[in-house]
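Here's the letter readout for the chains.
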Amino acid sequence: MAAHDNSEDPNYDVDVLIVGAGPTGLALAAQLAAFGASFRIIDRRQSPGTESRAIAIQPRTLEALRPFGVSGELVAAGHPARELHLHLPEETLEMDLFDTGLEDSAFQQLLFLSQAETERILTRHLLSRRVSIERGAELQDLERLDPEDPFAGVEAKIQRMDRGIERIRARYVVGADGAESTVRSKAGMDWRGGAYPDTFILADLEIDGAEPDAVHSYPTEDGFLFLFPLAGSATWRMIAIKPPHKPATLETLQELADTFSHGALKVRDPQWISAFRLSHQVAEYFQQGSVFLAGDAAHVHSPVAAQGMNTGIQDALNLGWKLALGARGLASDELIDSYDAERRPVGRDVVSTTDRIFKLATSRNGLKKLPRTKLLPAVAPKAMAWDGLRSRLFRTMAQFNVNYRGSSIVDAGSSRLPHLLARGPRPGDRLPDADVIQQKRERRLQDLVATPGFSVLLSGPGWPQDTPHQLRAALPQLAGLLNIQQLTAGSSLLADAPGLIKDVSGLAFHRLGLSSRRPELLIIRPDGYVGYRSGGLHITAAVEYLQRLTRNSETEPAAGNARPGSAA
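Residues numbered from 1 in each chain as written. Predicted model: local features only at pLDDT ≥ 70, side-chain atom pairs only at ≥ 80, totals over all residues. Heavy atoms only, no water.

1. Describing the pattern of salt bridges
This is how it is decided: For this analysis, a salt bridge means a side-chain nitrogen from Lys or Arg found within 4 Å of a carboxyl oxygen belonging to Asp or Glu. Comment: elements are numbered from the N terminus, with helices defined as DSSP H or I runs of at least four residues and strands as E runs of at least two. Accessible area is worked out with a 1.4 Å probe on protein chains only. A residue is then buried under 20% of its type maximum, exposed over 50%, and partly exposed in between.
As enumerated under the stated definition, the model contains 41 salt bridges in all. With its nearest N and O atoms 2.8 Å apart, the salt bridge here joins Arg-40 to Glu-134. With Arg-40 in strand β2 (residues 39-43) and Glu-134 in strand β8 (residues 134-135), this pair connects stretches of sequence that are 94 residues apart. For Arg-40, a relative accessible area of 6% corresponds to the buried category. By relative accessible area, which is 6% here, Glu-134 ends up buried. Each of Arg-40, Glu-134, Arg-160, Asp-162, Arg-163 and Glu-166 takes part in salt bridges that share partners, so that together they form one network.

Structure below.
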C-alpha cells in the first residue's frame, strides 16, 4: 500500500484509487505521492509485464516527469535515435530527427526504451516513496456512495487473489486499465471508433544489415516495415502487417524482411513475437462524476508517431494535481472538471491524426496508396530540407505544441495587451526551458518550477521586496504549495538572494517573451503549463486567479448533473 493510504475524511477509505499500473497509472501515482495525497494503486496482473508495445518517449514526456527525478534515469537507460532512414524503391533518404525546433528544451531526442523498462523505473521511484503496487487485485464493480450524487465518491469491489473480496470507498477512481478498461465499462462511458482490418506482427529481436542508431522505414505498395532501435536485451523492434494465414514466427518475420528490404536484412534471436490487432477509439467523456479515465482506457490508436504512451502519461500529470488538491478540499469544481475539457480534445486529435497517417502508411487500395508510393518519394527530400516545416513537425511530434489556451482555468490577465501576446508562451502553453543561474549554480528553468504546487515567476524591475510575503499572506490555503521566484536579467556577479533566478544568457527572457525593463508575472501550473500571465506590478488579479481555482468546492452552489461528464 501507499505511504499515504488512508483518507483523512472518514467517508472514504482512500482519496484516489488508481486501477492499472502501466505507465499512465504509475505516473499518476508519482504525482499524487509528490503532493502527499492519499491513494492506492492496484493491478490485476500478478507481476509487471515483460512484453511491451510502447517503446518511444517524447521530449515533452521527459520534461513532464522531471519533478520525480526519473527523466535522467530514463535517458541513461534508453537509446536515442537521431536519424530516419527512409528506404524508397530507388534510393535511401537519411533524415535528421529532432535536429531543429527543440532548442528550448533539455531533451532534444526521441528516446527508445521498452515500456517494461519505463515501468520498472517508475515503480522503483514509487518504492523510494514507500508506495507499493497491489498486484493480483482486479476491479469487479463500481457503485456510487450516493445514488443521487455522482460526485460523492465510489465504492469499488476488488477481487484479490490473496484474500478474496475487498471493498474500497474512494473519493475518486481513475481508470488507467487499458483499452479493455473495466472502469470505463462499469462507469458506463461510451467507447467510440473502430478496428483496423489488418493483423500486425511485432517482435523484439536482432537484425543484421540495418544501420544502428536510426529508425528504418520501408514503404512499398505492399504496406510498410518499421525497425526501431532499442536499449536492453534486444537491439531492434520490428513491426509490419502480418500476411494472411501466416503464423507469428521467426520464419514469417524473415519473409517480411526479405520482401521489404530485397534480402538486405537477416533477422534472428527473437526475445518475443506477437500478433495483434489495432483500433482507433476514444471515450465519449474522460470523466463521469467521481470516475476518470486516462491513457489507453480513454483513447487508443495506431503507434505511428509514437504518441500513445506519451499522451497517457500526460493525461495522468494533468489530472493528478487536480485530484490531489481536490482531496485537500482545495479544488473548485471548475478545476476538477477541467481535466475532461483539457485532455479529451488532445486525445481526440491524436486519434484522428494517427488514424489518417496510419491509413496512408498501410492502405493497399490503388488510389489510397498513391501518397505512399508516388508522392512520398517525390516530396520527402524537398520537404525535409525545409527547416521551418521540420521544426513544426518535430515540435508537434515532441508534443510541445499541445496547449490549453481555450481552457477555463487559464487566464491572460493584462496579457490581453497585443505586445504581450505577440511573444512568448500564452496562458495554456507549455513553459519553455533555458539555462539559468541560482545560488551560483547552473540550473534549468523548468527544474526550478518543478515542485508540487504553483510556481509564481516575477520578472522585470520594480517588484517590492515583500511581494512574496504579500502573495503568501493572501493565499494561506496554499501554504507549502506556492513557489515564488524572481527572474532577473544580468550578470552572474549580481548578489544572490533567496528565490532569485539569474538569466545571464538572456535566453529565458527571450523564450518567455519578457522584457528586462517591464515587470510581468507568470503562474506556472504543477504540470508545467502557464496558467496565468499579466503585466505590471499588481498582484490582485493573480491572487484572485489562484483563489478561483482553489476555492473549496463545499462552499460553492451544487452543480448537480449539469457538470460535464456527469451521469444522467
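Picking up after the structure, the text goes on.
2. Focus on the sheet that holds strand β16 (residues 266-283)
Selection criterion: Between any two strands, pairing holds if DSSP finds at least two bridges.
Strand order in the open sheet made by the 8 strands is β6-β5-β13-β14-β15-β12-β16-β19, with mixed pairing throughout. This sheet does not close on itself; its edge strands, each paired only once, are β6 (92-96) and β19 (299-300).

3. A look at the nonpolar core
For clarity, the threshold we go by: By convention a nonpolar core is built from buried Ala, Val, Leu, Ile, Met, Phe, Trp, Tyr and Cys residues, the set being connected through side-chain atoms within 4.5 Å. Two residues qualify as a contact provided that any one of their heavy atoms is within 4.5 Å of a heavy atom in the partner residue.
The biggest cluster of nonpolar side chains holds 92 residues, and the ones touching the most others in it are Leu-17, Phe-39, Leu-65, Leu-74, Phe-454, Leu-521 and Ile-523. Sort the elements by how many residues they give to this core and helix α7 (residues 308-327) lands first, with 9 residues. Those residues in contact with Ile-523 that sit more than four places away from it in its chain are Phe-454, Ser-455, Val-456, Tyr-529, Val-530, Gly-531, Tyr-532, Ala-542, Tyr-545 and Leu-546. Ala-81, Phe-228, Leu-230 and Phe-276 belong to the second-largest nonpolar core, a separate cluster that totals 32 residues.

4. Structural notes on the environment of Gln-486
Within the fold, Gln-486 resides in strand β23 (residues 482-489). Looking at Gln-486, the relative accessible area reads 26%, which means it is partly exposed. Between the C-alpha atom of Gln-486 and that of Leu-457, which follows or precedes it by 29 residues, the distance is 5.6 Å. Ignoring any residue separated from it by four or fewer positions in sequence, one finds Gln-486 in contact with Leu-458, Gly-460, Trp-463, Gly-499, Leu-500 and Ile-501.

5. Describing empty space enclosed by the protein
Selection criterion: Put plainly, a pocket is an open set of points on a 1 Å grid over the protein atoms alone with protein on both sides within 12 Å along at least five of seven lines, a cavity is a set where a 1.4 Å probe fits but cannot get out, and a lining residue has an atom within 4 Å of a point. Grid points are joined across faces, edges and corners, and a volume is the space filled by probe spheres set on the points. Under the scheme applied here, ten amino acids are nonpolar (Ala, Val, Leu, Ile, Met, Phe, Trp, Tyr, Cys and Pro), four are charged (Asp, Glu, Lys and Arg), and all others, including Gly, are polar.
On inspection of all chains with the given rule, the structure shows 2 cavities of 30 Å³ or more. Computed from the structure, the largest cavity encloses a volume of approximately 150 Å³. When residues of the lining of the largest cavity are assigned to their parent elements, the largest contribution, 3 residues, is made by helix α2 (residues 59-64). Taken as a whole, the second largest cavity holds about 40 Å³ of empty space. Arg-60, Ala-64, Gln-314, Leu-317, Asn-318, Tyr-404, Asp-527 and Tyr-529 are the residues that line the second largest cavity. The biggest single contributor to the lining of the second largest cavity is α7, with 3 residues. Its residues placed into classes, the lining of the second largest cavity shows 4 nonpolar, 2 polar and 2 charged.

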